[in-house]
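One letter stands for each residue in the lines below.
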Amino acid sequence: MTVARSVVASLDGVQEKVPLAPFTTFGIGGPARYLAVAQNGAAVERLATWASEQQLPWLVLGRGSNVLVDDGGYEGLVIIFRRREAQARSIEVNDLRDGSLRVRADAGTSLAGLARWCSERGLSGLEWACGIPGTLGGAVTGNAGAYGSSMSTVVHTVEVLSDGGRRCSYPSRELGFSYRHSVTLAKGEGLAVLDVALDLKRGDPESSAAKMAWYSQQRRNSQPKGRSAGCVFRNPAGGSAGALIEACGLKGFAIGDAVISDVHANFILNRGQARAEEVLRLMNTARRRVFERFGVRLESEIRFIGPLSLEVL
Ligand SMILES: Cc1cc2nc3c(=O)[nH]c(=O)nc-3n(C[C@H](O)[C@H](O)[C@H](O)COP(=O)(O)OP(=O)(O)OC[C@H]3O[C@@H](n4cnc5c(N)ncnc54)[C@H](O)[C@@H]3O)c2cc1C
């Protein structure tokens, strides 16, 4: 798409040249040419339509917990679609004949908030998501998962808005889910997940709470505190990216303010004013060392926003 040189019309709530760092858990990234916060799907649709009319590229961010934003920022409209907490008025629950329960929520809903909301009401199947800091939309886009479960095991349908304003409802089988990936939703720009329907089971609030407490404890024991985007690399088949990076002696290795965690080597932390370029150099170093030593090509789990890319190995 050609980027319009001057945007002729403005729209309420759209701000210009807004730094993206505060909208990410890494705390890294230059400005969006335009940025707006959307509270619901209708607002996302209105903003996406405006961007298309202005011939601006656009993308949606949720909690910004799985992205590395370029230091030069993003030359288009960034729509922040997130709610702080799971809110009853944006969640709908229906009993199905087979005994399962269909839960429908805005894609901007907090995933961990929704997991808690469901467990308190005896809806089971999302407990594993209690420590994942993103939104439902971000989770379905990257097939987020933990402890052997993932979004692909619970998603029923996803309502998507494409560039050009077309709305489409995709059943789970058409989303092309694989490990931390969805073929259909991988596009990044010009695509918004508006809402998601999940199939859960009737459960017991007490046992759900116990599971969530156990998962949270596991996380506290194995993951570093600090600003990060979670695991930076996908685990290779049958292995652990963190273990391979650790075996290369890279725990604690730093470039500028970006450092490979000494708690979990697949986490990169921003310990101050880290820049995207420093994180990328660390990722390239880790990939190169792992490839030289083990012949394994690590692939990025985090999404790059702007013109960032890994070295070709
Ligand atoms: C401490 C920590 C722990 C983590 N643990 C895990 C874990 O256990 N398992 C795991 O899978 N991940 C984990 N993550 C990564 C991250 O939290 C998840 O991938 C999360 O689902 C991303 O959601 P988000 O809303 O933050 O997405 P964002 O980072 O905002 O966006 C990620 C991608 O999805 C797109 N996107 C977001 N929302 C939408 C939407 N509504 N429509 C269209 N596209 C959208 C963005 O354009 C971007 O390409 C962790 C991260 C941190 C910081």
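The structure presented is a predicted model; accordingly, all values stated were derived computationally and were not measured.

## Remarks on the nonpolar core
Part 1 of the reasoning: The biggest cluster of nonpolar side chains holds 56 residues, and the ones touching the most others in it are L77, M151 and L198.
Part 2 of the reasoning: Of all hydrophobic cores here, the second largest spans 28 residues; its members include L282, I302, L308 and L310.

## Quick word on the sheet that holds strand 1 (residues 15-19)
Sheet strands associate in pairs through backbone hydrogen bonding, adopting either a parallel or an antiparallel arrangement.
Part 1 of the reasoning: Within the open sheet, the four strands sit side by side as 1-2-5-3. Their pairing is mixed. Edge positions in the sheet fall to strand 1 and strand 3 (58-61), since each has one partner strand and no second. Strand-to-strand twist in this sheet, taken as the mean axis angle between neighbours without regard to direction, amounts to 45 degrees.
Part 2 of the reasoning: Bridge count between strand 2 (residues 31-38) and strand 5 (residues 74-81): six bridges; the pairing is parallel. Bridge pairing in strand 5 links A36 to I79.
Part 3 of the reasoning: Along the sheet face, helix 1 (residues 41-53) touches strand 2, strand 3 and strand 5 and points at about 170 degrees away from the line of strand 5.

## Concerning the packing of aromatic side chains
Part 1 of the reasoning: Counting across every chain of the model gives four aromatic pairs.
Part 2 of the reasoning: Measuring from centroid to centroid gives 5.7 Å for Y34 and W50, while their planes differ by 80 degrees, and the two rings are edge-to-face. Separated by 16 residues along the polypeptide, Y34 in strand 2 and W50 in helix 1 bring together distant segments of the chain. Taken individually, Y34 and W50 each receive the classification buried, so the pair is uniform in this respect.
Part 3 of the reasoning: With centroids separated by 6.3 Å and ring planes inclined at 65 degrees, the aromatic side chains of Y147 and W214 adopt a geometry described as edge-to-face. Note that Y147 is positioned in the loop between strand 9 (145-146) and strand 10 (149-150) and W214 in helix 4 (residues 205-222), a separation of 67 residues in sequence.

## As for the environment of V69
Part 1 of the reasoning: Relative to the helices and strands, V69 is located in strand 4 (residues 67-69).
Part 2 of the reasoning: In this structure, the C-alpha to C-alpha distance between V69 and I305, residues 236 residues apart in sequence, is 4.6 Å.
Part 3 of the reasoning: Apart from the residues within four sequence positions on either side, V69 is in contact with L20, T24, I28, G29, G30, A276, I305 and L308.

Quick notes on the rules
Residues numbered from 1 in each chain as written. Predicted model: local features only at pLDDT ≥ 70, side-chain atom pairs only at ≥ 80, totals over all residues. Heavy atoms only, no water. Core = buried A, V, L, I, M, F, W, Y, C linked by side-chain atoms within 4.5 Å. Buried < 20%, exposed > 50% of the residue type's maximum accessible area, 1.4 Å probe, protein only. Pairing = 2+ DSSP bridges. Helix = DSSP H or I, 4+ residues; strand = E, 2+ residues; numbered from the N terminus. Axes fitted to C-alpha atoms, helices over the stretch in contact; angles between N-to-C directions. Contact = heavy atoms within 4.5 Å. Phe/Tyr/Trp six-rings, centres within 6.5 Å; stacked < 30°, edge-to-face > 60°.

Interpretation in functional terms is not warranted from these geometric data alone.
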